[in-house]
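What follows is the residue order along each chain.
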Amino acid sequence: MKVIPMPADANANGDIFGGWVMAQVDLAGSVLAARHAQGRMATVAVNQFIFKQPVRVGDILSLYAKMERIGRTSMTLNVGVYAERIRKQGRYIKVTEATLTYVAIDEEGRPRELPPAARD
C-alpha cells in the first residue's frame with residue numbers, strides 16, 4: 001500500500017501524527033488479514049509498534065504486510081513502513097515497524113475458525 005501524508009496529518013513541527021501512521025499500518029495489515037479470513041475480521045491487538053524515524057509531510061510511504069503466524073481463529077502480521085523522502089526519491093528508509101493480531105469473526109462479532117486454505 002502506498003500513501004502520502006498531507007499537512008492536515010501533521011503536528012506543528014511538520015511531523016506526521018503517530019496515530020495517523022498507526023491507522024495506515026492497520027489498514028495495510030487488514031488487507032492481508034482479510035484475504036486469509038475470507039470474511040469479517042477485526043484487529044484484536046497491537047503487539048508491538050516501533051517508530052524508527054519521523055514521517056514528514058509529502059513523504060511517499062510504502063507499507064508491506066507479512067504473515068508471521070496463523071492460528072485457528074487469529075493471525076499475527078508484521079507491517080513495515082518505508083519512506084521515500086520528497087527530495088530524495090528512490091531512496092527508502094524504514095520509519096516504522098509493527099506487529100498486529102487480527103481475528104476472524106462471524107456476523108455477531110464472535111471469533112470463528114479461519115478457512116482451511118488460510119491455515120495451509
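The structure reproduced in this document is the subject of the present report.

## Comments concerning the packing of aromatic side chains
Moving on, step 1. The tally for this structure, following the rule as stated, stands at two aromatic pairs.
Moving on, step 2. Considering the side-chain rings of phenylalanine 49 and phenylalanine 51, the 5.0 Å spacing of their centres and the 45 degrees angle between planes classify their relative orientation as tilted.
Moving on, step 3. Measuring from ring centre to ring centre gives 5.9 Å for tyrosine 64 and tyrosine 82, while their planes differ by 70 degrees; the resulting arrangement is edge-to-face. Separated by 18 residues along the polypeptide, tyrosine 64 in strand S3 (residues 60-70) and tyrosine 82 in strand S4 (residues 74-84) bring together distant segments of the chain.

## Here we look at the pattern of salt bridges
Side-chain pairs of opposite charge can arise where the charged atoms are in close proximity.
Moving on, step 1. In this structure the tally under the stated criterion is six salt bridges.
Moving on, step 2. Linking arginine 72 and glutamate 113 is a salt bridge whose minimum nitrogen-to-oxygen distance equals 3.6 Å. Here glutamate 113 lies in the loop between strand S5 (92-104) and helix H2 (116-119) and arginine 72 lies in the loop between S3 and S4, a separation of 41 residues in the sequence.
Moving on, step 3. Judged by its relative accessible area of 52%, arginine 72 is exposed.
Moving on, step 4. Residue arginine 110 pairs with glutamate 108 through a salt bridge whose shortest N-O separation is 3.4 Å.
Moving on, step 5. A relative accessible area of 48% places arginine 110 in the partly exposed class.
Moving on, step 6. Here the residues in one salt-bridge network are Asp106, Glu108 and Arg110, joined through shared partners.

## Topic: the side chain of aspartate 59
Moving on, step 1. Mapped onto the fold, aspartate 59 is located in the loop between strand S2 (41-51) and S3.
Moving on, step 2. Here the side chain of aspartate 59 touches arginine 56 through a polar contact of 2.9 Å, landing on its backbone nitrogen.
Moving on, step 3. Among residues more than four places away in sequence, those in contact with aspartate 59 are Val3, Ile4, Pro5, Pro54, Ala83, Glu84, Arg85 and Ile86.

Calculation rules
Residues numbered from 1 in each chain as written. Predicted model: local features only at pLDDT ≥ 70, side-chain atom pairs only at ≥ 80, totals over all residues. Heavy atoms only, no water. Phe/Tyr/Trp six-rings, centres within 6.5 Å; stacked < 30°, edge-to-face > 60°. Helix = DSSP H or I, 4+ residues; strand = E, 2+ residues; numbered from the N terminus. Salt bridge = Lys/Arg side-chain N within 4 Å of Asp/Glu carboxyl O. Buried < 20%, exposed > 50% of the residue type's maximum accessible area, 1.4 Å probe, protein only. Polar contact = N/O pair within 3.5 Å; in protein donor to acceptor, adjacent residues only side chain to side chain. Contact = heavy atoms within 4.5 Å.

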